[in-house]
Amino acid sequence: MKSPISTFARYIYLNLYALLLLLGGVVVFLIPIKIGAIWVLIAKIIICLICLKGAYGILSSWEDKKRKYNILITRNQDAFRADIFKEYMEAPCGRLLVKIVLKDLGQPHQYKPLMKLYYKPFWKHLKATLKPQKTVVYINPNYEQKKQH
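Each value, and the rule that gives it
Residues numbered from 1 in each chain as written. Predicted model: local features only at pLDDT ≥ 70, side-chain atom pairs only at ≥ 80, totals over all residues. Heavy atoms only, no water. Helix = DSSP H or I, 4+ residues; strand = E, 2+ residues; numbered from the N terminus. Buried < 20%, exposed > 50% of the residue type's maximum accessible area, 1.4 Å probe, protein only. Contact = heavy atoms within 4.5 Å. Areas by Shrake-Rupley, 256 points an atom, 1.4 Å probe, with all protein chains shown as cover. Lys, Arg positive; Asp, Glu negative; His and termini not counted. Charge placed at Lys NZ, Arg CZ, Asp CG, Glu CD. Core = buried A, V, L, I, M, F, W, Y, C linked by side-chain atoms within 4.5 Å. Arc of directions from axis to C-beta. Expected span 1.5 Å × (residues − 1). Salt bridge = Lys/Arg side-chain N within 4 Å of Asp/Glu carboxyl O.

To continue, consider the overall build of the chain. Helix and strand content of the chain: 7 helices and 0 strands. Considered along the principal axes of its C-alpha atoms, the chain spans approximately 70 × 60 × 35 Å. Taking all 149 residues of the chain together, the buried fraction comes to 27%. Taking contacts inside the chain between residues at least 6 apart in sequence as the whole, the part at least 24 apart equals 63%. Element-wise, carbon and sulfur atoms account for 64% of the exposed surface of the chain, whose accessible area totals about 11800 Å². If you average the places of the 24 positive and of the 8 negative side-chain charges in the chain, the two averages end up 11 Å apart.

Attention shifts here to the nonpolar core. Membership of the largest hydrophobic core comes to 20 residues, with the highest contact counts inside it found for Val98 and Val101. Broken down by secondary-structure element, the contributors of at least two residues to this core are α4 (62-76), α5 (92-105) and α6 (111-118). Among the elements that take part in this core, α5 stands out by supplying 7 residues, more than any other. Among all residues touching Val98, those that are not within four sequence positions of it are Phe85, Tyr88, Met89, Tyr111 and Leu114.

Quick look at α6 now. Taken as a whole, α6 has its buried residues at Tyr111, Leu114 and Tyr118. One face of α6 carries all of its buried residues, which in axial projection span an arc of 60°. Exposed positions of α6 whose direction lies more than 90 degrees from the buried face are Lys112 and Lys116. Summarising the contacts, the buried residues of α6 are in contact with α5.

Turning next to helix α3 (residues 38-59). Each full turn of the α-helix corresponds to 3.6 residues, which orients residues three or four apart in the same direction. In this model, α3 (22 residues) spans 31 Å end to end at C-alpha, consistent with the 32 Å of a helix rising 1.5 Å per residue. Those residues of α3 not exposed but buried are Lys44, Cys48, Cys51, Ala55 and Ile58. Down the axis of α3, the buried side of the element spans an arc of 90°, and every buried residue falls inside it. Pointing more than 90 degrees away from the buried face of α3 are the exposed residues Ile38, Trp39, Leu49, Ile50, Lys53 and Tyr56. Where α3 is buried, its residues contact α2 (16-30), α4 and α5.

Note on pairing: side chains with opposite charge can pair once their charged atoms come close. In the structure shown here, the tally under the stated rule is 5 salt bridges. The partner of Lys66 in a salt bridge is Glu63, with the nearest N and O atoms 3.1 Å apart. Pair noted here: Lys66 and Glu63 are both in helix α4, with a separation of 3 residues, about one helical turn. Asp64 serves as the salt-bridge partner of Arg67, at 2.5 Å between the closest nitrogen and oxygen. Here Arg67 and its partner Asp64 are both found in helix α4, 3 residues apart, which amounts to about one turn of the helix. Shared partners join several salt bridges into a network, and the residues in it are Asp64, Arg67 and Lys68.

From the geometry alone we can't say anything about function, so treat these as descriptive.
Encoded structure:
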């Protein structure tokens, strides 16, 4: 069965950030450098590899995007549930997927409320991620450790 997002236009749309990374990597590589500036060449190579790795990661997740599309469509067919979209609103590619799902559900007007609810700018997301996290260890009082002989 062919997924409704398996069209060329949607493939390009959902992988737009990968294509931009790929283009950025190529542009950085094509910037001319002075002969003898080895550190500039090394920096260019590192930037290109980072861009190519990012583009490959996004492009190789196509099957996962189709699976997530089907999950979002299935869970929202009967009634719209904003909480299901929370994890997808954190990443740019996820927001593109949400737009397509909402369009296919006939509810594109729900995107703005989702943005207000769940979107965090990159810096706020980074700040929250870098904060020390509280770790709670639960020790089961009913756990019996086996004795070694």
